[in-house]
Amino acid sequence: MILHMQNIIGQWLLSLKHYILMCLLLSSPERLPYNPYCVALSVFVYFLIGLLLVDEQRSYAVVCAQISLELGMLGLIAYWGLRWKKSPGRFLQTFSALVGVNMIITMVTIPIYRSVTNNETSIENILIYVTLVILIWNLAVLSLIFKRAFSISTHLSAMISFNYFVLYQFVVIWFSW
């Protein structure tokens, strides 16, 4: 039992390393271990990180709903893309990569936003630039994952990433009204 748990934690730590490398555009989903427990652990940690996003405007329920929506949409894109390419066996690694990079980017983004919002001088201009840089970085990483997982062109993977982002924003805005 303990050996099995050590194996899962070891594979998750290997996944964590590859998530970070994917965020730096240096790895791809096929290098991740094929283990559903690693995906479950990444999802659990992502929801734990969501606790850091709770503030006066957002409750934990709202944060969990947004994370669930994000993961659901990414899971559907991965499922349909891999089904289209006739390689559904790669779903677990692709979904793991999508969960992991979003977890890492969120973990890196939270302290950046907190430091920018704590700075009183010209907060709006800096916040716009920081948001834009993080958004482009996130879309580039998602695009790389889609490109490698679906074996498609960079242009098509960038269009999928951008359309995912736009649809996600519309759904979040629609639910918040």
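See the structure shown above.
The rules behind the values
Residues numbered from 1 in each chain as written. Predicted model: local features only at pLDDT ≥ 70, side-chain atom pairs only at ≥ 80, totals over all residues. Heavy atoms only, no water. Helix = DSSP H or I, 4+ residues; strand = E, 2+ residues; numbered from the N terminus. Buried < 20%, exposed > 50% of the residue type's maximum accessible area, 1.4 Å probe, protein only. Axes fitted to C-alpha atoms, helices over the stretch in contact; angles between N-to-C directions. Left-handed = near helix turned anticlockwise from the far one by under 90°. Contact = heavy atoms within 4.5 Å. Nonpolar A, V, L, I, M, F, W, Y, C, P; charged D, E, K, R; others polar. Phe/Tyr/Trp six-rings, centres within 6.5 Å; stacked < 30°, edge-to-face > 60°. Lys NZ or Arg CZ within 6 Å of the ring centre and 35° of its normal.

Asks: Give me the lowdown on the environment of Tyr19, citing residues and values where you can.
Replies: In this structure, Tyr19 sits in helix 1 (residues 2-23). Judged by relative accessible area, Tyr19 falls into the buried class, the value being 0%. C-alpha of Tyr19 to C-alpha of Arg31: the two residues are 12 residues apart in sequence and 10.0 Å apart in space.

Asks: Help me get a handle on the packing of helix 2 (residues 36-50) against helix 3 (residues 60-84), residues and values and all.
Replies: Running from N to C, helix 2 and helix 3 cross one another at 145°; their axes reach a closest spacing of 9 Å. Helix 3 is crossed by helix 2, and the crossing has right-handed handedness. The segment helix 2 lies against helix 3, with Val43, Tyr46, Phe47, Leu48 and Gly50 engaging Tyr60, Val63, Cys64, Ile67, Ser68, Glu70 and Leu71. Considered class by class, the residues forming the contact of helix 2 with helix 3 number 9 nonpolar, 2 polar and 1 charged.

Asks: I'd like to hear about the packing of aromatic side chains, residue by residue, with values.
Replies: Scanning the model with the defined rule gives 5 aromatic pairs in all. Between Phe91 and Phe95 the ring centres are 5.6 Å apart and the planes differ by 10°, which places this aromatic pair in the stacked class. Here Phe95 and Phe91 lie together in helix 4 (residues 91-118), a separation of 4 residues that amounts to about one turn. On the basis of relative accessible area, Phe95 is assigned to the buried category, the value being 15%. Measuring from centroid to centroid gives 5.5 Å for Phe146 and Phe150, while their planes differ by 15°, and the two rings are stacked. Pair noted here: Phe146 and Phe150 are both in helix 5 (residues 123-150), with a separation of 4 residues, about one helical turn. Since its relative accessible area comes to 0%, Phe146 is described here as buried. In this arrangement the basic side chain of Lys85 is found over the ring face of Trp84, its NZ or CZ atom lying 5.2 Å from the centre.

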